[in-house]
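Breakdown of the fold
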Amino acid sequence: MTATGVRARVRAELTREIAEAARRQLATEGSAALSLRAVARELGMASSAVYRYFPSRDELLTRLVLDAYDALGTAVEQAEAAVPRADLRARFRAACRAVRTWALAHPHEYALVYGSPVPGYTAPQTTIGPASRVGEVLCRILADGLAGDVLEPGGPQRTLEPGIAERMGLPEGATLNTHAIMVWTSLFGLVSFELFGHTRGVVARHEAFFDSAVEQWADLVGVP
């Protein structure tokens, strides 16, 4: 390996270690208290060294946000891909359940992207693509149902911003799009309520309740 290759490998490894230390700090201190200096102390590095990899707290936060969205997206894509393509209902169930499973396994990373906004931080445009991955999986299931003539688009109803439906493979101005948005927001709303304790003492069996909700969402969008 060339000297350039060695340096790139070392840089990638140190970047990964810094991000992992920052994720541990998320779990103990919360996203608002994330500090490059604290990360440097944990790793036994000078603050100036960490700043060479992440020039600001916001850049480190962006890395954590991208990692979280990509990890969730990968989990959902893999779960949905493991189901036979013709079984739209099973694909829908698998995708929704994968969101809940990942969130419960990674509560602090989930909270970073779906919890309270971090004061003073605005996520850049680069996070939009990774943030869309779960929605794209759900829309792909619906698009496959439309292509196979097993789903109905429904009557005209303007919901999505221009161009979004086409990018997602859905018909412009259809009721199905409204229902898809309702499913997407309900999915993350229910997971968030469970994860952040809002349904504690109210819902007796969270997994069974979630699975029942998934079936009702599938009925809403007409997945057979």
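Predicted model, so just to flag it, every value in this text is computed and none were measured.

Observations regarding the packing of aromatic side chains
- Applying the stated criterion to the full structure yields five aromatic pairs.
- Note on Y110 and Y114: the rings are 5.0 Å apart at their centroids and 35° apart in plane angle, and the pair reads as tilted. Placement of both Y110 and Y114 in helix α6 (residues 107-114) is noted, with a separation of four residues, approximately one turn of the helix.
- A residue is classified by how much of its surface remains accessible, and Y110, at 0% relative accessible area, is buried.
- Considering the side-chain rings of Y114 and F188, the 4.4 Å spacing of their centres and the 25° angle between planes classify their relative orientation as stacked. Within this pair, whereas Y114 is found in helix α6, its partner F188 is found in helix α10 (residues 175-195), the two being separated by 74 residues in sequence.
- Overall, the relative accessible area of 23% leaves Y114 in the partly exposed class.
- Among the aromatic residues, those joined into a ring-pair cluster are Y69, Y110, Y114, F188 and F196.
- Across from the ring centre of F210, 5.8 Å away, lies the NZ or CZ of R100, which sits over that ring.

Brief notes about the packing of α10 against helix α11 (residues 206-221)
- At a minimum axis separation of 9 Å, α10 and α11 run at an interaxial angle of 175°. With respect to α11, the element α10 is oriented roughly antiparallel. Residues L176, H179, A180, M182, V183, S186, L187, L190, V191 and E194 of α10 lie in contact with α11, whose contacting residues are H206, F209, F210, A213, W217, L220 and V221.

Quick notes on the rules
- Residues numbered from 1 in each chain as written.
- Predicted model: local features only at pLDDT ≥ 70, side-chain atom pairs only at ≥ 80, totals over all residues.
- Heavy atoms only, no water.
- Phe/Tyr/Trp six-rings, centres within 6.5 Å; stacked < 30°, edge-to-face > 60°.
- Helix = DSSP H or I, 4+ residues; strand = E, 2+ residues; numbered from the N terminus.
- Buried < 20%, exposed > 50% of the residue type's maximum accessible area, 1.4 Å probe, protein only.
- Lys NZ or Arg CZ within 6 Å of the ring centre and 35° of its normal.
- Axes fitted to C-alpha atoms, helices over the stretch in contact; angles between N-to-C directions.
- Parallel < 35°, antiparallel > 145°, perpendicular 65-115°, else oblique.
- Contact = heavy atoms within 4.5 Å.

That is the geometry; function is a separate question.
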